[in-house]
Amino acid sequence: GEDVEQSLFLSVREGDSSVINCTYTDSSSTYLYWYKQEPGAGLQLLTYIFSNMDMKQDQRLTVLLNKKDKHLSLRIADTQTGDSAIYFCAVPHSGNQFYFGTGTSLTVIP
Amino acid sequence: SQTIHQWPATLVQPVGSPLSLECTVEGTSNPNLYWYRQAAGRGLQLLFYSVGIGQISSEVPQNLSASRPQDRQFILSSKKLLLSDSGFYLCAWSVLAVGGYTFGSGTRLTVV
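Below you will find a few notes about this structure. Small disclaimer: the values here were computed from a predicted structure and weren't measured. (Residues numbered from 1 in each chain as written. Chains lettered and ligands numbered in written order. Predicted model: local features only at pLDDT ≥ 70, side-chain atom pairs only at ≥ 80, totals over all residues. Heavy atoms only, no water.)

**Details of the state of the cysteines**
Argument step 1. In total, this model carries 2 disulfides over all chains according to the counting rule given.
Argument step 2. Between the sulfur of Cys22(A) and that of Cys89(A) lies a disulfide, 2.0 Å long from S to S. Because the sign of the S-S torsion sets the handedness, a value of about 70° for the bond joining Cys22(A) and Cys89(A) places this disulfide among the right-handed ones. Separated by 67 residues along the polypeptide, Cys22(A) in strand 3 (residues 18–23) and Cys89(A) in strand 9 (residues 85–93) bring together distant segments of the chain. Neither Cys22(A) nor Cys89(A) differs from the other in exposure class; each is buried.
Argument step 3. Two residues, Cys23(B) and Cys91(B), share a disulfide whose sulfurs are 1.9 Å apart. Its S-S torsion of approximately -75° makes the covalent link between Cys23(B) and Cys91(B) left-handed. With Cys23(B) in strand 3 (residues 19–26) and Cys91(B) in strand 9 (residues 87–94), the pair connects residues that are 68 residues apart, well separated along the chain. (Disulfide = S-S within 2.5 Å. Helix = DSSP H or I, 4+ residues; strand = E, 2+ residues; numbered from the N terminus. Buried < 20%, exposed > 50% of the residue type's maximum accessible area, 1.4 Å probe, protein only.)

**Describing the sheet that holds strand 7 (residues 61–66) of chain A**
All names here are of chain A.
Argument step 1. In spatial order, the strands read 1-3-8-7-6; together these 5 strands make up an open sheet with antiparallel pairing. The sheet is open, and its two borders are formed by strand 1 (5–6) and strand 6 (55–58), each paired with just one other strand.
Argument step 2. In this sheet, strand 8 (residues 71–76) lies alongside strand 7 in antiparallel orientation, the contact comprising 6 bridges. Paired with Val63 across the strands is Leu74, a residue of strand 8. (Pairing = 2+ DSSP bridges.)

**Some words on the interface of chain B and chain A**
Argument step 1. Counting residues at the interface gives 22 residues for chain B and 22 residues for chain A.
Argument step 2. Taken together, the links from chain B to chain A amount to 5 residue pairs in polar contact (both at pLDDT 80 or more).
Argument step 3. Among the secondary structure elements, those contributing two or more residues to the side of chain B that touches chain A are strand 4 (32–38), strand 5 (44–52) and strand 9 of chain B. (Contact = heavy atoms within 4.5 Å. Polar contact = N/O pair within 3.5 Å; in protein donor to acceptor, adjacent residues only side chain to side chain.)

**Structural notes on the nonpolar core**
All names here are of chain A.
Argument step 1. Grouped together as the largest cluster of nonpolar side chains are 20 residues, with contacts concentrated most on Leu32, Trp34, Leu72, Leu74 and Tyr87.
Argument step 2. At the level of secondary structure, the elements contributing two or more residues to this core comprise strand 3, strand 4 (31–37), strand 7, strand 8, strand 9 and strand 11 (104–109).
Argument step 3. For this core, the element with the highest residue contribution is strand 9, accounting for 4 residues.
Argument step 4. The contact partners of Leu74, leaving out residues within four places of it in the chain, are Ser18, Val19, Ile20, Trp34, Leu46, Thr47, Leu61, Thr62, Val63 and Tyr87. (Core = buried A, V, L, I, M, F, W, Y, C linked by side-chain atoms within 4.5 Å.)

What follows is the structure, given as structure tokens:
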């Protein structure tokens, strides 16, 4: 099956940039997603990128995709305390299912 | 607009008791529906998914079952809960995989 890996923890200072990385194994994925989970809540879709793109920018969020290396990253500029959460990358599989990474817990230090 | 409702938000149940968690979707037709479990606040494990009424696929053999009695209703059940069933249960829907999932707010189940 699909293997989606992320680092478990990341700490940054408020105002700095955060970079959350994800690697995957299934090269047939046409879309790749980033979700955010705040404590005790469900997952919220943050952004996604088509596999024929290598970059997508949406306000403070930048998604970079390296298809050759099967590497996806999420950059958050000017990180705020409200960005503290767990971030999951997700890769579609079999048309109906997603494989989720293990999640990266982002802690923003004031 | 599409919304997803999941309840209850928290539940404490004794070992051996039954379970019923419900999820309903509004504003869309024939969605794909999913139940995930998140243990220890981290990884998501797909438990069941459904592409239509009465159509349930199980990903992990276990003490749980799912049913879809109506197009926009998905129910997670157990006849006898185990301690290992504790976790955070998330319902999600999608119309097409390319559109991503929309998740419910989750149910925190503690089996004591």
